[in-house]
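Residues per chain are reported as follows:
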Amino acid sequence: MLKPEEVTQVIEKEIRKYQTRIELESVGYVLQVGDGIARVYGLEEAMAGELVIFHDGTPGMVLNLEHHHVGVVIFGADRQIKEGDQVKRTGKIAQVPVGDALKGRVVNPLGEPLDGKGPIASNKMRPVEAIPPSVVKRQPVKEPLQTGIQTGKTAILLDTILHQKTTGVQCIYVAIGQKLSTVVTLAETLKKYGAMEYTTIVSASSEDPAPLQYLAPYAGTAIAEESMYSGKHALVVYDDLSKHAVAYRQMSLLLQRPPGREAYPGDVFYLHSRLLERAAKLRDDLGGGSLTALPVIETQLGDISAYIPTNVISITDGQIYLESDLFYGGVRPAINVGLSVSRVGGNAQTKAMKQVAGMLRLSLAQYRELQAFAQLSTDLDKATQDQLARGERMTEILKQDDLSPMPLEHQVVIIFAGNEGLLDDIPVGQISQFETRLLDFIDQNYLDIFHEISQKKVISDPLKEKMKQAVLKFKQTFKV
């Protein structure tokens with residue numbers, strides 16, 4: 001039989017164990033919903049860019065902070081969301097998983113897998129929006145990221161990624177507003193060439209809502225920043241930022257933000273500047289990591305002076321302008337050498353390439369002008385004929401097949417041969433065959449030429465003479 005004091009002790013012990021837990025949740029209610037946008041009442045403490053969760057589990061992000069409500073963009077279908085539904089704050093800014101677990105994966109802008117390979121095994125997250133490194137933390141642009149020579153827009157991006165196979169550069173391909181079939185083909189191509197091992201694809205397809213397309217490039221950059229801040233190197237390509245701007249315009253107009261030029265909101269420049277400024281090469285004492293960004297912009301009827309193209313051109317370190325007329329004329333890469341420009345000059349070129357390609361852009365631009373003039377005149381002097389003949393051959397050696405990036409040392413040798421006039425007596429139709437066989441010949445008989453260019457990245461006088469002799473010796477054996 002229990003004594004009263006024993007019963008009291010047991011009760012007191014149990015009471016001491018009991019603790020009340022009060023959890024406060026900040027919730028709001030949907031006032032209006034439609035077209036991927038919800039107006040929510042009651043989230044006075046919400047932050048700009050904060051993630052919220054709707055009653056059916058669909059995530060959204062706070063974009064407009066107004067007096068009586070907040071404007072939320074919905075990352076998913078809004079069919080199940082209706083007026084009066086509850087919305088919860090998460091207290092977190094939009095973030096994505098980062099790290100090695102992302103290599104070889106296809107994810108959406110929220111970091112959720114799209115490739116059917118199971119969840120992303122990463123316990124590290126990064127906010128999709130981040131402050132770029134300050135000027136003090138950066139190094140000047142002085143190192144190249146090799147791309148090989150390329151064909152069209154997507155080929156430039158793919159070839160550049162393939163070229164990183166032996167460089168240790170992590171690649172992120174951000175597909176914005178592309179067809180799902182295009183993204184699948186892209187992933188298969190990268191897998192076929194062994195490039196998916198170091199590549200992450202962030203996809204917000206044309207079927208996805210505008211908010212996901214808006215978020216995609218920031219998510220891709222956050223994944224790339226993890227490499228940069230870890231002292232490694234990363235490449236992020238955005239295909240393309242025109243569709244990104246259109247998605248942002250759609251969201252802004254639905255959020256009733258005032259439209260400006262071409263109906264884009266006033267902060268559309270900031271949309272891309274805060275993204276591209278995150279690309280940097282950090283100082284050595286901060287790890288020396290780097291992030292290279294390759295944004296693609298689509299022009300309407302080749303109009304480079306439109307709003308979005310001029311905005312992005314003013315932010316970047318230069319541009320490659322691809323012209324459809326050249327592409328269909330068989331000139332691939334279809335680069336318009338007059339409108340393509342670099343604002344870092346030769347600082348980022350290897351010395352060997354600078355030595356052989358110093359006057360290449362100018363001579364090709366002059367050749368294109370002479371070509372137009374020659375169509376109007378049949379009576380040309382010898383100097384003009386020679387310049388046209390040289391230009392034809394230089395254009396021919398710069399042509400390249402799809403998905404076959406060319407090593408730097410191969411580029412240097414063939415451009416050197418063209419500049420020195422060693423190809424002037426080769427028929428234009430045979431230049432491609434001559435180039436392939438010449439590089440094979442040097443690979444078999446003069447491998448030290450490639451080795452020296454690759455290692456020293458500079459052309460000494462003895463090496464120049466050796467290259468000349470190698471080309472002349474091959475020409476003796478070359479038969480059409």
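What counts and what doesn't
Residues numbered from 1 in each chain as written. Predicted model: local features only at pLDDT ≥ 70, side-chain atom pairs only at ≥ 80, totals over all residues. Heavy atoms only, no water. Helix = DSSP H or I, 4+ residues; strand = E, 2+ residues; numbered from the N terminus. Buried < 20%, exposed > 50% of the residue type's maximum accessible area, 1.4 Å probe, protein only. Contact = heavy atoms within 4.5 Å. Pairing = 2+ DSSP bridges. Polar contact = N/O pair within 3.5 Å; in protein donor to acceptor, adjacent residues only side chain to side chain. Core = buried A, V, L, I, M, F, W, Y, C linked by side-chain atoms within 4.5 Å. Phe/Tyr/Trp six-rings, centres within 6.5 Å; stacked < 30°, edge-to-face > 60°. Axes fitted to C-alpha atoms, helices over the stretch in contact; angles between N-to-C directions. Parallel < 35°, antiparallel > 145°, perpendicular 65-115°, else oblique. Nonpolar A, V, L, I, M, F, W, Y, C, P; charged D, E, K, R; others polar. Left-handed = near helix turned anticlockwise from the far one by under 90°. Expected span 1.5 Å × (residues − 1). Arc of directions from axis to C-beta. Salt bridge = Lys/Arg side-chain N within 4 Å of Asp/Glu carboxyl O.

We now examine the environment of Ile120. By the secondary structure assignment, Ile120 is in the loop between strand E8 (106-107) and strand E9 (125-127). Note on Ile120: relative accessible area 14%, which makes it buried. Setting aside residues no more than four positions away along its own chain, Ile120 makes contact with Pro97, Ala101, Leu102, Arg105, Val107, Gly111 and Pro113.

A few words now on the pairing of strand E5 (residues 70-74). The element E5 is largely enclosed, with a buried count of 5 among its 5 residues. On E5, burial covers both faces: Val70, Val72 and Ile74 on one face and Gly71 and Val73 on the other are all buried. For strand E2 (residues 37-41) and E5, the ladder comprises 4 bridges, and the chain directions are antiparallel. Along E5, the bridge assignment pairs Arg39 with Gly71. In the sheet, strand E4 (residues 59-65) pairs with E5 via 5 bridges, with the strands oriented antiparallel. Residue pairing across strands places Val62 opposite Val72, the latter belonging to E5. Where E4 folds back onto E5 in an antiparallel hairpin, the turn is made up of 4 residues.

Moving on to the environment of Leu380. With respect to the helices and strands, Leu380 occurs in the loop between helix H10 (360-374) and helix H11 (382-397). For Leu380, a relative accessible area of 18% translates into the label buried. Between the C-alpha atoms of Leu380 and Pro59, which are 321 residues apart in sequence, the distance is 68 Å. When neighbours within four sequence positions are excluded, Leu380 is seen to be in contact with Phe373, Ala374, Gln385 and Leu388.

Its place among the elements puts Thr189 in helix H3 (residues 180-192). A distance of 2.8 Å separates the side chain of Thr189 from the backbone oxygen of Thr185, its partner in a polar contact. Among residues more than four places away in sequence, those in contact with Thr189 are Leu158 and Leu403.

Counting 53 residues, the largest nonpolar core has Met61, Val73, Phe75, Val174, Tyr214, Val236 and Tyr238 as the members making the most contacts within it. Per element, the largest residue contribution to this core is 11 residues, and it comes from helix H4 (residues 210-228). Listed in part, the 38 residues of the second largest apolar core include Met353, Leu360, Ile397 and Leu408.

Using the criterion set out here, one finds 9 aromatic pairs in the structure. Both rings, one in Tyr214 and one in Tyr248, keep their centres 5.5 Å apart while their planes meet at 20°; by these two values the pair is stacked. One end of the pair, Tyr214, is in helix H4; the other, Tyr248, is in helix H5 (residues 241-254), and 34 residues separate them in sequence. For the pair shown, Tyr214 and Tyr248 are each scored as buried. On the basis of an interplanar angle of 85° and a centroid distance of 5.0 Å, the ring pair of Phe434 and Phe478 is categorised as edge-to-face.

We now examine the packing of helix H12 (residues 408-419) against helix H15 (residues 461-477). Two elements in contact, H12 and H15, have axes whose closest approach is 10 Å; the angle formed by their N-to-C orientations is 75°. Put simply, H12 runs roughly perpendicular to H15. For the pair H12 and H15, contact is made by Val413, Phe416 and Ala417 and by Lys464, Met467, Lys468 and Val471, respectively. Class assignment of the residues belonging to the contact of H12 with H15 gives a composition of 5 nonpolar, no polar and 2 charged.

The strands that make up a sheet are held in pairs by hydrogen bonds between backbone atoms, and each pair lies either parallel or antiparallel. Spatial strand order, E8-E11-E10-E12-E13: 5 strands in an open sheet with parallel pairing. If you trace the sheet from one side to the other, it starts and ends with E8 and strand E13 (290-295), each paired once. Alignment of strand E10 (residues 170-176) against strand E11 (residues 199-204), held across 6 bridges, turns out to be parallel. Each bridged residue has a counterpart across the sheet, and for Cys171 the counterpart in E11 is Thr199. Of the strands in this sheet, E10, E11, strand E12 (233-239) and E13 touch helix H2 (residues 153-162), which is tilted by about 165° from E12.

Our next topic: the packing of H4 against helix H6 (residues 268-276). With their axes 10 Å apart at the nearest point, H4 and H6 run at an angle of 15° to one another. One way to sum up the angle between H4 and H6 is to call them roughly parallel. Crossing of H4 over H6 shows left-handed handedness. Between H4, through Tyr214, Pro217, Tyr218 and Thr221, and H6, the contact on the second element is made entirely by Leu271, Arg274 and Leu275. In the contact of H4 with H6, the residues fall into 5 nonpolar, 1 polar and 1 charged.

As a further point, take H4. With 19 residues, H4 extends 28 Å between its outermost C-alpha atoms, agreeing within 8% with the 27 Å of an ideal straight helix rising 1.5 Å per residue. By the criterion of burial, H4 is predominantly enclosed, with 19 of the 19 residues buried.

What the 6 strands build is a closed barrel, ordered E1-E2-E5-E4-E3-E6; its pairing is antiparallel. Taking the axes of each pair of neighbouring strands and ignoring which way they run, one obtains an average angle of 45° across the sheet.

This part takes up helix H14 (residues 447-456). Within H14 the residues assigned to the buried category are Ile449, Phe450, Glu452 and Ile453. For H14, the angular spread of buried residues about the axis comes to 165°, placing them on one side. Of the exposed residues in H14, the ones pointing more than 90 degrees away from its buried face are His451 and Gln455. Tucked into the core, H14 has its buried residues touching helix H9 (351-357), H12, helix H13 (431-445) and H15. Residue Lys457 follows H14 closely and has a positive phi angle near 55°.

Moving on, we come to the pattern of salt bridges. Evaluated as defined, the whole model comprises 17 salt bridges. Between Lys281 and Glu143 there is a salt bridge, with its nearest N and O atoms 2.4 Å apart. Placement of the pair is Lys281 in the loop between H6 and E13 and Glu143 in the loop between E9 and H2, with a sequence separation of 138 residues. In this structure, the salt-bridge partner of Glu225 is Arg278, at a minimum N-O distance of 3.0 Å. Of this pair, Glu225 sits in helix H4 while Arg278 sits in the loop between H6 and E13, and the two are 53 residues apart along the sequence.

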